[in-house]
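If you want the building blocks of each chain, they are given just below.
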Amino acid sequence: MLAKRVIPCLDIDAGRVVKGVKFEQLRDAGDPVEVARRYDQQGADELVFLDITASSDERPTLFKTVEAVAHEIYIPLTVGGGVRTSADVRALLSAGADKVAINTAAVLNPDFVHEAGQRFGVQCIVVAIDAKRVKPKTRKKDGNETPQWQVFTHGGRKSTGLDAIEWAKTMVEKGAGELLVTSMDRDGTKAGYDVELLRAISDAVPVPVVASGGVGTLEHLYQGFSEGGADAVLAASIFHNGTYTVAQAKQYLAERDVRVRR
Amino acid sequence: METIGVIDYGMGNLHSLAKSLERVAGNQRIFISYDTKALLECDRLVLPGVGGVRACMDELRRLELDQMVIEAARKRPLLGICLGMQVLLERSDENGGVNALGLIPGSVVRFPDPPPETEPGLHHERLKVPHMGWNQVRQTRAHPVWAGVPDDSWFYFVHSYHAAPQNPAHTLGAADYPQPFAAAVARDNIVGFQFHPEKSQDVGLKLLANFVNWNGEGA
């Protein structure tokens, strides 16, 4: 049977791996090729690169980085950040990416996802959803609030007013082959995934969901699967800081009966 | 010097496949092309493919690569990967039904869609489509391409449709999702992998190495 995936995420800024807290306070975490090779050897199931470079002048740097990494590793590579046109998708795939993650451009033009899926195959189109909790409009009779989330773009700075669950469904209808769901409330906090968000989206769509944002412990990875219902878990700092290796993470998950590739 | 022809019909990313073949090809040349004549001269052919089957078959026909593949498959070792494996069969249900190359009897069918959630909040196991990620492949029969590849090795998959060969002997390997399906097919000098050997680390490279050193016999 299919294994649950463990995916280290590399935020890339001007050709370097960086890590920030809540999309700010960036600091250097290494050379992408070295980091990618290390994770490949540790048994990472895939790698995700998110290009967070603000300036579009740095685009050629990203292509070089993707090319260099794709040359070194034999596991799937997803690249996201600033993907706006079919030409961007083609350029990344040509550089060696296996999948591309689309975020802001999908919000600006949902049909772009459809177009890209038709042209390049839905298997390589990942839609990244950055979601933040908002005050619910409805309140249950028992006084408990049903959580609600809104989609944010531009690295979490801009609210779209879109409901995250509805948006996830729309994106799958348009042709997303996978969803990368990041909790903006949790990202960089080490407080664990927003498992309610993950569960709500995972139950709402037929395609695989990748959990992202907030991992601080191996238990959090486990919760992404057990409570969040995710198909893959993504983490950055716990691996970059050397707190845990991917192999340790998989060992931990396997001991808790999560089916992982080892 | 022998040549491995990689059929380039403009769909998908040949980068990682070419890179992996180069790594295992020894002194064989990797030739990426859509030139039917030149490809027919190659000693082995690889038919890659991602995306939709209709666009794939349309392009193969437009470039007259469909007849070339059928012709080449009479004697040369031929490897289909992912969609390139699916089009080896007679037809696919994808895109409303499309006739394919027909080199292996049988069709390509979709994984059943996951049932809608019955009880909200119940933490049930829900199978997603596409079937995406690493799965184990059982070697259902002996074949030269399996040499040195441990049974139940993990390979990387990403697909929503799968081959259903008519003759069980044409299934080379099976994976479960949750029902067993043909993860690898073979007939005479033809093999096909639903998974991506070029994305499956060392074991994938071993499989490609076996193919590039295979003379098409002993299957």
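Within each chain, residues carry numbers counting from 1 in the order of the written sequence. As a convention, the first chain written is A and the first ligand written is 1, with the rest following in written order. Per-residue local features are limited, in this predicted model, to residues with pLDDT of at least 70; the limit for side-chain atom pairs, both in listing and counting, is 80 or more; totals at the level of whole chains, interfaces and linings are taken over all residues.

Now for the overall build of chain A. A run of DSSP states H or I qualifies as a helix once it reaches four residues; a run of E qualifies as a strand once it reaches two. Both are numbered from the N-terminal end. Helix and strand counts for chain A stand at 10 helices and 12 strands. Taken across its 262 residues, chain A has 53% of its residues classed as buried. By sequence separation, contacts in chain A at least 24 residues apart represent 64% of the contacts at least 6 residues apart. With C-beta atoms placed from the backbone, a residue is buried if 20 or more other C-beta atoms are within 10 Å of its own, exposed if 12 or fewer are, and partly exposed between those counts. We call two residues in contact when their backbone-placed C-beta atoms lie within 7 Å.

Further remarks concern the packing of helix H1 (residues 15–24) of chain B against helix H6 (residues 201–212) of chain B. A pair of packed helices is characterised by two quantities: the angle between their axes and the separation of those axes. Residue and element names in this part refer to chain B. One way to put it is that H1 packs onto H6 with a least axis distance of 9 Å and a crossing angle of 65°. For the element pair H1 / H6, the angle class is roughly perpendicular. For the pair H1 and H6, the crossing hand works out as right-handed. Taken together, the residues of H6 that come into contact with H1 (itself represented by Ser20, Leu21, Arg23 and Val24) are Leu205, Leu208, Ala209 and Val212. Angular values range over 0 to 180 degrees, each being the angle between N-to-C directions of two axes fitted as lines to C-alpha atoms, with helices fitted over their stretch in contact. Note on angle classes: values under 35 degrees are labelled roughly parallel, values over 145 roughly antiparallel, values of 65 to 115 roughly perpendicular, and the remainder oblique. A clockwise turn of the near helix away from the far one marks a right-handed crossing, whereas an anticlockwise turn of less than a right angle marks a left-handed crossing.

What follows covers the pairing of strand S7 (residues 104–110) of chain B. In the case of a regular strand, side chains alternate between the two sheet surfaces. Residues and elements named next belong to chain B. Relative to S7, strand S5 (residues 89–92) runs parallel, the two being bridged by 3 bridges. Following the sheet pairing, arginine 91 is matched in S7 by serine 107. One ladder, built from 5 bridges, connects S7 with strand S10 (residues 161–165); its direction is antiparallel. Note that in S10 the partner of valine 108 across the bridge is alanine 163. For two strands to be treated as a pair, DSSP must find no fewer than two bridges joining them.

A few words on the pairing of strand S12 (residues 232–235) of chain A. Residues and elements named next belong to chain A. Burial along S12 is two-sided: Ala232 and Leu234 and Val233 and Ala235, pointing in opposite directions, are all buried. One ladder, built from 4 bridges, connects strand S1 (residues 5–13) with S12; its direction is parallel. Bridge pairing in S12 places proline 8 opposite alanine 235. Direction of pairing for strand S11 (residues 209–212) relative to S12: parallel, over a ladder of 2 bridges. The residue bridging alanine 211 from the neighbouring strand is valine 233, located in S12. We call a crossover right-handed when, viewed with both strands directed away from the observer, the connection leading from the first strand over the helix to the second proceeds clockwise. In terms of handedness, the path from S11 via helix H8 (residues 218–226) over to S12 forms a crossover that is right-handed.

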